[in-house]
Structure formats: structure tokens, C-alpha cells
Protein chains: 2
Amino acid sequence: MLFAVGEDLHAVATARLRRVDQRYTSGRRVLVEALVEAGRPVTTAELVASRRELPQSTTYRNLAVLEQAGVVRRVLGTDELARFEVAEDLTGHHHHLVCVSCGAVEDFEPPRRVEQTLADAVGRLRTRTGFRAEAHRLDLLGTCGSCAE
Amino acid sequence: MLFAVGEDLHAVATARLRRVDQRYTSGRRVLVEALVEAGRPVTTAELVASRRELPQSTTYRNLAVLEQAGVVRRVLGTDELARFEVAEDLTGHHHHLVCVSCGAVEDFEPPRRVEQTLADAVGRLRTRTGFRAEAHRLDLLGTCGSCAE
DNA sequence: GATTGTAATAGGAACCGTTCTCGTTCTAGG
DNA sequence: CCTAGAACGAGAACGGTTCCTATTACAATC
């Protein structure tokens, strides 16, 4: 299940919110559109700044609602700021490049072979402490273009 | 360069701190020992609670110093709490199992093949945005033993 | 097309993990 | 020993995030 940016995305968002008894209001739609437009994980501050219709408190609340509904996902970088992106199954599985200098995060899709190896490892893992792996998270840490200059 | 838990570790800590003009004081030593004893990434709250000789402010300050000196490393889970562990080159390269339910983090060492694939990918990466990868971070997300019960 | 109950909104207060301040204590070097 | 600079520790301050609550929008029913 993978959607291009368009109407489908909003239809899925509507459905997923309904599953948890929530509405896909115009404010939430604006939020999702801002995330899509960014094309990379963005901080709440960036979101609030990007659209006048996004007051801080509503943005935080709606990000929480959308996260719970599985429409957006929280992303961790190296700094303490929370970043959000549209959920992976709506935009395609990918990983992140994290700048250790400024904290910026951008998307990146690894070679299929890497992906396959990781998926296998996750599938096989069952530790003696009873941990059950369900997904993997791979980040490459380094220096982004603007920090390298 | 890989050390068992023992005197060596403290010698290296001393040397690395000296490199950034810092001392390996008794308080800092207690901190490192608490981290070693934990054997997994722990929160500052856990550290402060674990030893009476670790007041909050000093713990935070010394974690920052030790991180800068390359003796400890900050680890991100899924919650907002900062967790710390002894730097990888002192304990061996490894990855983390992150419980999506309670946020707990434990160590885990992947099969050599996975590791090799990742190292290759990092080595090859150079995106058109100029990102330069230096390291990778692989976490397996799932449910820990006590949350699964 | 009013009514009415429920959900969403938005401003600001509160919260809490973290960082800073500053007076005190320690320590290495002279 | 003495002293200057480093480290310490208690508490204040900070800032990102969450919570509170009055207000507004919505959707279903009369």
C-alpha cells in the first residue's frame, strides 16, 4: 500500500482517523499537507512557522492524534527536538541521514540488498530476554552539505 | 581497541579526558562505573537513583563532559528521555533493541553479515545533497519481555 | 433551517527534563 | 602548605511539550 501525494493520501488519513474515532478536520489536513510539502522530517517549530493556520497547541495535539492513528510518525535525530514525517506506508519505506552537527534530517533509500538483509535479521531475532522485534530503524550519521562547507 | 571492564577502561577515560583538558575525577569515575554496571543504555534519572554520590546537576554536567571526551555516548530510544552508555569503542560495536511500549533499551549484536552489509552501504554513500555518512545506527523496534506479558 | 450534544480548537498556564548560576570544595602544581 | 583554577552541588531558570478550559465548529436530529 503506497500512495503518491494526492487525494489518496487524504482518503487513507480519513479512514485511519475514523478507526480511532477521530475526524480528519481541515486543521489536520493542513498539518498533513505541510508534512508532505516538507518532504523530510520536520520539527514542530518548523510546522508552526510554515502555516499561519497552525497554532502551537493544536499542532502538538494533532500530531499526537495523527501519530496514534498511524498517519504520521515521530522521528528521532541527534538533538532533543521532536521531528515528524508522514507514515512510511504512505510514502514508502526509507531511512534517514542525520546530521550530527546541526541535527537536520533528510530521507534516503538504501540499496535493496541492504534492505533485504535487515528484514531477514529482524525476522529471525528473538532474544533470550523475550524481545520481539517488529521493525528496524537505520540511520546514517554524518555531516550534511551545509555543515560541511 | 576494545577493553574488558576493568582498569584499562579507566586508563582510557583518563587519557581521553586529558585530551580535552578535563580530569577524571572520582565523581566521573563513579558515573562511568554506574554505566558499566548497567550494561545497557540508562536514563539520567536511573543514574542519579543508582548511587547516592551522583547529584543531578553533577551527573548532567559530567555526562556532557564525558560525551564530549568520547567516553560515553547518548542513545535515542522512542521516548523523550536521554539515555547514555559507555562509548562503543570501549565496549564493542553493537546495536539496540528499543521497546516501543515502555521505551527501555537493551544491547544486541547482529550477525556479522548484517554488519558487513551496513558498513559497505555507509562507505559508498554520498548523496547529491552532499551528505557524508560516517557511521550507522541500527535499532530494532519491538516489544520487550516485560511489556509482552 | 434551528437545536443540541459532541468533538476540535486555541490561548495560555503548567509540567518536567535539562541547563545554568554561583558560592563552596577539591586538587594539582609551585 | 598555599594558591589558582577546576569540579562540585543545590537550587533557580529555561524551553520544548503537554494540559486546562472556555470557545467554536460540526453533524445528526427534530
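Our structure is the block above this text.
Residues numbered from 1 in each chain as written. Chains lettered and ligands numbered in written order. Predicted model: local features only at pLDDT ≥ 70, side-chain atom pairs only at ≥ 80, totals over all residues. Heavy atoms only, no water.

Draft legend 1. Examining the protein's contact with DNA strand C more closely. Taken together, 17 residues form the shell around DNA strand C, and within it A:Gln22, A:Thr25, A:Ser57, B:Thr44 and B:Tyr60 come nearest. Of what DNA strand C places within 4 Å of the protein, 67% of the atoms are sugar or phosphate. In the model, a phosphate oxygen of DNA strand C is placed 3.1 Å from a nitrogen or oxygen of the A:Arg28 side chain. Here a phosphate oxygen of DNA strand C sits 3.1 Å away from a polar atom, N or O, in the side chain of A:Asn62. With 4 residues, the top contributor of residues to the surface near DNA strand C is helix α4 (residues 56-69) of chain A. (Near = heavy atom within 4 Å. Polar contact = N/O pair within 3.5 Å; in protein donor to acceptor, adjacent residues only side chain to side chain. Helix = DSSP H or I, 4+ residues; strand = E, 2+ residues; numbered from the N terminus.)

Draft legend 2. Main features of a positive patch on the surface. Positive charge collects at one region of the surface, where A:Arg113, A:Arg124, B:Arg113 and B:Arg124 lie side by side. Structurally, the position occupied by B:Arg124 is in helix α6 (residues 112-124). (Patch = residues over 30% accessible without salt bridge, like charges linked within 9 Å, V, L, I, M, F, W, Y side chains within 5 Å. Areas by Shrake-Rupley, 256 points an atom, 1.4 Å probe, with all protein chains shown as cover. Salt bridge = Lys/Arg side-chain N within 4 Å of Asp/Glu carboxyl O. Lys, Arg positive; Asp, Glu negative; His and termini not counted. Charge placed at Lys NZ, Arg CZ, Asp CG, Glu CD.)

Draft legend 3. Local environment of the interface of chain A and chain B. Of the residues lining the interface, 36 residues belong to chain A; the matching set on chain B comes to 35 residues. Summed over both partners, the interface of chain A with chain B buries about 3000 Å², with 61% contributed by carbon and sulfur atoms. Considering only the surface of chain A that becomes buried against chain B, A:Phe131, A:Arg137 and A:Leu141 emerge as the three largest contributors, covering 23% of it. Linking chain A with chain B are 2 salt bridges, by the criterion used here. The tally of links from chain A across to chain B stands at 16 residue pairs in polar contact (both at pLDDT 80 or more). If you list the elements that add at least two residues to the side of chain A that touches chain B, you get β4 (95-99), β5 (105-108), α6 (112-124) and β6 (132-143) of chain A. When residues of the side of chain A that touches chain B are assigned to their parent elements, the largest contribution, 12 residues, is made by β6(A). Per-class residue counts for the side of chain A that touches chain B are 17 nonpolar, 10 polar and 9 charged. Sheet analysis places β6(A) next to strand β6 (residues 132-143) of chain B, joined by 11 bridges and oriented antiparallel. (Contact = heavy atoms within 4.5 Å. Buried area = accessible area lost by both parts, 1.4 Å probe. Nonpolar A, V, L, I, M, F, W, Y, C, P; charged D, E, K, R; others polar. Pairing = 2+ DSSP bridges.)

Draft legend 4. Spotlight on the nonpolar core. The biggest cluster of nonpolar side chains holds 26 residues, and the ones touching the most others in it are A:Leu140 and B:Leu140. Counting only elements with at least two residues in this core, the list comes to β4, α6 and β6 of chain A together with β4 (95-99), α6 and β6 of chain B. In contact with A:Leu140, not counting residues within four places along its chain, are A:His96, A:Leu97, A:Val98, A:Phe108, B:Val122, B:Leu125, B:Phe131, B:Ala133, B:Ala135 and B:His136. (Core = buried A, V, L, I, M, F, W, Y, C linked by side-chain atoms within 4.5 Å. Buried < 20%, exposed > 50% of the residue type's maximum accessible area, 1.4 Å probe, protein only.)

Draft legend 5. Main features of the protein's contact with DNA strand D. Within the structure, DNA strand D sits among 16 residues, and A:Tyr60, B:Gln22, B:Thr25, B:Ser57 and B:Arg61 are positioned closest to it. When atoms of DNA strand D within 4 Å of the protein are split into backbone and base, the sugar-phosphate part holds 64%. A:Thr44 has a polar side-chain atom sitting 3.0 Å from a phosphate oxygen of DNA strand D. For DNA strand D, a base nitrogen lies 2.9 Å from a polar atom in the side chain of B:Ser57. Put simply, the parts of the chain that give the surface near DNA strand D at least two residues each are α4 of chain A together with α2 (26-38) and α4 (56-69) of chain B. With 4 residues, the top contributor of residues to the surface near DNA strand D is α4(B). For the surface near DNA strand D, the per-class residue count stands at 4 nonpolar, 9 polar and 3 charged.

Draft legend 6. Representation of the sheet that holds strand β1 (residues 42-43) of chain B. All names here are of chain B. Spatial strand order, β1-β3-β2: 3 strands in an open sheet with antiparallel pairing. Looking at which strands have only one partner, the edges of the open sheet turn out to be β1 and β2 (72-75). Sheet analysis places β2 next to strand β3 (residues 83-86), joined by 4 bridges and oriented antiparallel. Within the sheet, the bridge partner assigned to Val-75 lies in β3 and is Arg-83. Set on the sheet, α4 makes contact with β2 and β3; between it and β2 the angle comes to about 110°. (Axes fitted to C-alpha atoms, helices over the stretch in contact; angles between N-to-C directions.)

Draft legend 7. How the structure looks around α4(B). Residue and element names in this part refer to chain B. Between its terminal C-alpha atoms α4 stretches 20 Å, which fits the 20 Å expected from 14 residues at 1.5 Å a residue. Taken together, the buried positions of α4 are occupied by Thr-59, Asn-62, Leu-63, Val-65, Leu-66 and Ala-69. Axial view of α4: buried residues confined to an arc of 165°, hence all on one face. Seen from the open side of α4, the exposed residues pointing more than 90 degrees away from its buried face are Gln-56, Ser-57 and Gln-68. Looking one or two places after α4, you find Gly-70, whose phi comes out positive at around 85°. (Expected span 1.5 Å × (residues − 1). Arc of directions from axis to C-beta.)

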